[in-house]
Amino acid sequence: MLALLSLAATAAPTPATPGDVMAGFVGSCWQADMGSNNTDTHCFSMSSGGGLVLDVHKVRDGQKTVVYEGLTAYRADAGKVTFGYYNSLGNLMPGTMSRSGDDLTGTVIMPNGVTQEVHWHLSGDSYDATGALPGSVHYRKIGPVGDGGL
């Protein structure tokens, strides 16, 4: 019995899945006011029992025309959650994301090769993101994810 308790105490923790890391975001769309009537919207959906999370991202101008967009695919890789952010400029930016409570932290390799740290703080129906853009961006939950992710 003591040997079993010892084995349980030394067992490695179960690696987080993208569904674990992105819990609270999945199933919802979130929007930020970017000024000049521009909006930035992210819609998070999950598949494969939490093994894959997709973030469909669209920036719209004041006339609601999409002027920039991208897709982030979060997946488990070697015990951590990694992602690839693909944007309409033709860039692929890889990174990692982890979670502690309501705080998500990670890194993303920008198109110029510089590694940028990112931080998101989830607070009920909103979250604040810092790191990839100058300053902090405040997103608020605007509703459920529609068909096709947005």
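The coordinates are above.
Caption draft 1: Up close: the packing of aromatic side chains. Overall, the coordinates contain nine aromatic pairs when judged by the stated rule. Pairing Phe-25 with Trp-30 gives two aromatic rings, centres 5.6 Å apart and planes at 50 degrees, and the pair type is tilted. Neither Phe-25 nor Trp-30 differs from the other in exposure class; each is buried. Judged by centre distance (4.9 Å) and plane angle (80 degrees), the rings of Phe-25 and Tyr-127 are edge-to-face. Of this pair, Phe-25 sits in the loop between α2 (18–21) and β1 (28–35) while Tyr-127 is found in strand β9 (residues 126–130), placing the two residues 102 residues apart along the sequence. A single burial state applies to Phe-25 and to Tyr-127, both of which are buried. Three or more aromatic residues joined by ring pairs form one cluster here, namely Phe-25, Trp-30, Phe-44, Trp-120, Tyr-127 and Tyr-139.

Caption draft 2: Structural view of the pairing of strand β3 (residues 52–60). As judged from the nine bridges shared by strand β2 (residues 38–47) and β3, these two strands associate in the antiparallel manner. Considered in β3, the bridge of Met-46 is made with Val-53. Sheet topology note: the β3/strand β4 (residues 66–77) ladder contains nine bridges and is antiparallel. The residue bridging Val-56 from the neighbouring strand is Leu-71, located in β4. Hairpin geometry of β3 and β4 is characterised by an intervening segment of five residues between the two adjacent antiparallel strands and by a positive phi of about 70 degrees at Lys-64.

Cut-off values and rules
- Residues numbered from 1 in each chain as written.
- Predicted model: local features only at pLDDT ≥ 70, side-chain atom pairs only at ≥ 80, totals over all residues.
- Heavy atoms only, no water.
- Phe/Tyr/Trp six-rings, centres within 6.5 Å; stacked < 30°, edge-to-face > 60°.
- Buried < 20%, exposed > 50% of the residue type's maximum accessible area, 1.4 Å probe, protein only.
- Helix = DSSP H or I, 4+ residues; strand = E, 2+ residues; numbered from the N terminus.
- Pairing = 2+ DSSP bridges.

Everything listed here is a matter of coordinates, which is why it stays silent on function.
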